[in-house]
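# Topology and contacts: notes
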Amino acid sequence: GNEGEEGEKKQKKKKKKKKDARATGLRARIQELHARLNTNDADTTPAAGETCRDFFARTGEHWVRRLLERRGGDGEGERFSEKELRRGAFGLAQRRYEASCALAPALASTLTRTRARTRTRTRTRSLRA
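This is a predicted model, so every value here is computed, not measured. All chains use their own residue numbering, which begins from 1 and follows the written sequence. Restriction of local features to residues with pLDDT of at least 70 applies here, the model being predicted, together with a cutoff of 80 or more for giving and counting side-chain atom pairs; totals for whole chains, interfaces and linings are based on all residues. Values shown for side chains rest on all heavy atoms present in the structure; no hydrogens or waters enter the calculation.

## Details of the pattern of salt bridges
When a carboxyl oxygen of Asp or Glu is within 4 Å of a side-chain nitrogen of Lys or Arg, the pair counts as a salt bridge. Within the structure shown, the criterion is met by one salt bridge. For arginine 58, the salt bridge goes to glutamate 50, with nearest N and O atoms at 2.9 Å. Exposed residues in this analysis have more than 50% of their type's maximum accessible area, buried residues have under 20%, and partly exposed residues fall in between, with area computed by a 1.4 Å probe over protein chains only. For arginine 58, a relative accessible area of 40% puts it in the partly exposed group.

Here it is as structure tokens:
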């Protein structure tokens, strides 16, 4: 009897270690994706369901400032027309939007898996109680 219980306990510990490792891996992946997307900055992160045009309408000033910084524009020297500024700023915003959209499915998928694991754990605990 005792050997069977010991083997079962070891199996459970192995399973728990695997689950914990997967959870740690998912958390690390989520942090990595958030860092790559810099999701803390609303000026550089499209909102869920936001179109590129809406993203630029909301954040255009940020992209104009960034464009001027890149070109060394401090108001002196080379001048840009309003149209040139907006076109260049839109190009920056569009690249950011596309990069965010490319990584967003991976983030959403990882978050969904994490939530599913949490729900399963919660249900399992409530069944044990």
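## Notes on the nonpolar core
The biggest cluster of nonpolar side chains holds eleven residues, and these are Cys52, Phe55, Phe56, Trp63, Val64, Leu67, Leu85, Ala89, Leu92, Ala93 and Tyr97. A run of H or I in DSSP becomes a helix once it reaches four residues, and a run of E becomes a strand once it reaches two; helices and strands are each numbered from the N terminus. Those elements that place two or more of their residues in this core are helix H2 (52–70) and helix H3 (82–128). Element by element, the count of residues in this core is highest for H2, at six residues. Residues are treated as being in contact if the distance between any of their heavy atoms lies within 4.5 Å. In this view, cysteine 52 contacts Phe90, Gln94 and Tyr97; residues no more than four positions away in its chain are not counted. Within this scheme, the nonpolar core is defined by two criteria: the residues are buried Ala, Val, Leu, Ile, Met, Phe, Trp, Tyr or Cys, and they are joined through side-chain atoms within 4.5 Å.

## Brief notes about H2
Look at H2: only 22 Å from first C-alpha to last across 19 residues, short of the 27 Å you get at 1.5 Å a residue. At threonine 59, H2 is deflected by roughly 75°, the largest bend along its length. By the burial criterion, the buried members of H2 are Cys52, Phe55, Phe56, Thr59, Gly60, His62, Trp63, Val64 and Leu67. Once H2 finishes, glycine 72 follows within two positions and takes phi at roughly 75°, a positive value. In this scheme, a helix's expected span is set at 1.5 Å multiplied by one less than its residue total. One axis fitted to the seven residues ending at a residue, another fitted to the seven starting there: the angle between these axes is the bend at that residue.

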